[in-house]
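# Fold and contact review
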Amino acid sequence: ALVDELATIGPDTSELTRLRFALQFPDPAEAKDAMRENVAWRAGAGKPIVESAAKAVAEATAGGAWDNEPVRAAAPHAAIINQFITPKNIVTLSTDEGDLVYVIRASLIADREMMSKVSVEQLVEFLLYVKEVHMLIANARSERSGRLCEVVFANDITGVRSAPDGRFSQALTASSQQYE
């Protein structure tokens with residue numbers, strides 16, 4: 001019933017995405033508030049991110065296999081951030097069931113240097129784009145398999161000798177809160 005109620009807030013939102021909101025926020029009022037915020041973000045400030053991610057995923061899958069380069073190139077502020085965020089320090093893997101596992105290898109990111117060149121807002125936009133790409137892939141896999149695929153985030157802190165740059169941590173937290 002909640003999935004159907006959420007359609008009145010986000011009529012263009014897929015049933016699968018509405019299901020994700022219903023599962024994440026079992027309190028109907030909370031789910032509706034979160035859906036309103038998400039619909040507003042996707043139509044407003046987040047629209048360029050959403051459109052760019054959809055185009056990049058289409059390009060990445062056009063050849064039948066995954067080509068990560070169109071996705072990396074289309075990310076917000078890619079020219080700066082891709083110098084620091086590489087396949088060596090952040091990787092997305094698949095489980096046998098089709099879930100995505102997003103691993104951040106924190107010790108391999110020069111976070112202080114990166115944050116001296118980008119703002120928290122720029123990194124948040126980059127991370128929101130990553131989350132949008134993950135959502136598109138997870139939803140496509142869910143539709144194909146009939147199983148609700150998830151995205152698992154893991155922060156590998158092996159080898160970390162000091163606390164991360166506070167602005168880097170702030171961007172990670174802000175992107176997680178924005179994309180609920």
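Residues numbered from 1 in each chain as written. Predicted model: local features only at pLDDT ≥ 70, side-chain atom pairs only at ≥ 80, totals over all residues. Heavy atoms only, no water.

### Section: the sheet that holds strand β2 (residues 100-105)
Heads up, the rule is: At least two bridges found by DSSP between two strands are what make those strands a pair. Numbered from the N terminus, helices here are DSSP runs of H or I no shorter than four residues, and strands are runs of E no shorter than two. The axes are straight lines fitted to the C-alpha atoms, using for helices just the contacting stretch, and the angles between their N-to-C directions are given from 0 to 180°. Contacts: residue pairs with any heavy atoms within 4.5 Å of one another.
One open sheet holds the three strands; their spatial order is β1-β2-β3, and the pairing between them is mixed. Edge positions in the sheet fall to β1 (90-94) and β3 (151-156), since each of these pairs with one other strand and no more. On average, adjacent strands in this sheet sit at an angle of 20° to one another, irrespective of strand direction. Where β1 meets β2, five bridges bridge the pair, whose relative direction is antiparallel. Residue leucine 93 lies in a different strand from β2, and its bridge partner there is valine 101. Each of β1, β2 and β3 is contacted by helix α8 (residues 120-145), which is oriented at about 155° to β2, the strand it contacts most.

### Remarks on the layout of surface pockets
The cut-off we apply is this: Cavities and pockets were defined on a 1 Å grid built over protein atoms only: a cavity is a set of grid points that admits a 1.4 Å probe from which the probe cannot escape, a pocket is an open set flanked by protein on both sides within 12 Å along at least five of seven lines, and lining residues are those with an atom within 4 Å of any such point. Grid points are joined across faces, edges and corners, and a volume is the space filled by probe spheres set on the points.
The computed volume of the second largest pocket comes to approximately 640 Å³. Taken together, 28 residues line the second largest pocket, and the ones lying closest to its centre are Trp66, Asn68, Thr92, Val133 and His134. The set of elements that each furnish at least two residues to the lining of the second largest pocket consists of α4 (47-61), α5 (68-74), β1, β2 and α8. The element best represented in the lining of the second largest pocket is α8, accounting for 10 residues.

### Considerations on α4
Selection rule: Multiplying one less than the number of residues by 1.5 Å gives the expected span of a helix. Three exposure classes are used, based on accessible area relative to the maximum for each residue type with a 1.4 Å probe and protein chains only: buried under 20%, partly exposed in between, and exposed over 50%. Arc, as used here, means the arc of the directions from the helix axis to the C-beta atoms.
Given a rise of 1.5 Å per residue, 15 residues ought to cover 21 Å, and the 21 Å separating the end C-alpha atoms of α4 matches this to within 8%. Looking at α4, one finds that the buried residues are Ile49, Val50, Ala53, Ala56, Val57 and Ala60. For α4, the buried positions fall inside an angular range of 135° around the axis, keeping them on one side. α4 presents Pro48 and Lys55 as exposed residues on the side facing more than 90 degrees away from its buried surface. Those residues of α4 that are buried are in contact with α3 (28-43), α5 and α8.

### Some points on the packing of aromatic side chains
Two measures describe an aromatic ring pair: the distance that separates the ring centres and the angle between the ring planes. To keep it simple, the criterion reads: Aromatic pairs are defined between Phe, Tyr and Trp rings, using the six-membered ring for Trp, whenever the two ring centres lie within 6.5 Å; interplanar angles under 30 degrees are classed as stacked, those over 60 as edge-to-face, and all others as tilted. Sitting over a ring, as applied to charges here, requires NZ of Lys or CZ of Arg to be within 6 Å of the ring centre and within 35 degrees of the ring normal.
Going through the model one piece at a time under the given rule, you end up with two aromatic pairs. Considering the side-chain rings of tyrosine 102 and phenylalanine 153, the 5.5 Å spacing of their centres and the 80° angle between planes classify their relative orientation as edge-to-face. Remark: phenylalanine 153 occurs in strand β3 and tyrosine 102 occurs in strand β2; sequence separation between them is 51 residues. A cation over a ring is seen here: lysine 131 above phenylalanine 153, with NZ or CZ 4.3 Å from the ring centre.

### Quick word on empty space enclosed by the protein
Picture a little ball the size of a water molecule; that probe, rolled over the atoms, points out where space is still empty. Here is the rule we go by: Classes in brief: Ala, Val, Leu, Ile, Met, Phe, Trp, Tyr, Cys and Pro nonpolar; Asp, Glu, Lys and Arg charged; the others, Gly included, polar.
Applying the stated criterion across every chain, the model contains one cavity of 30 Å³ or more. What lines the largest cavity is simply Ile85, Ile90, Tyr102, Ile104, Ile109, Leu123, Leu127, Phe168 and Leu172. Its residues assigned to classes, the lining of the largest cavity shows nine nonpolar, no polar and no charged.

### Observations regarding the nonpolar core
Stated formally: Among buried residues, those of type Ala, Val, Leu, Ile, Met, Phe, Trp, Tyr and Cys that are joined through side-chain atoms within 4.5 Å constitute a nonpolar core.
Ranked by internal contacts, the top residues of the largest apolar core, which has 33 residues, are Met114, Leu123, Phe126 and Tyr129. When contributions to this core are tallied by element, the ones reaching two or more residues are α4, α6 (78-81), β2, α7 (111-115), α8 and α9 (166-178). With 10 residues, α8 is the largest single contributor of residues to this core. Excluding its chain neighbours within four sequence positions, the residues that come into contact with methionine 114 are Ile81, Phe84, Ile85, Ile109, Leu123 and Phe168. Counting residues in hydrophobic clusters, the runner-up holds 10 residues, among them Ala22, Ala31, Ala34 and Met35.

### Looking at the packing of helix α2 (residues 15-24) against α8
Formally: Angles below 35 degrees are treated as roughly parallel, those above 145 as roughly antiparallel, those between 65 and 115 as roughly perpendicular, and all remaining angles as oblique.
Here α2 crosses α8 at 105°, and the two axes come no closer than 10 Å. Judged by the angle between their axes, α2 and α8 are roughly perpendicular. For the pair formed by α2 and α8, the contact residues are Leu16, Thr17 and Arg20 on the first element and Met135, Ala138, Asn139, Ser142 and Glu143 on the second. A per-class count over the contact of α2 with α8 returns three nonpolar, three polar and two charged.

All quantities given are derived from atomic positions and should not be read as evidence of function.
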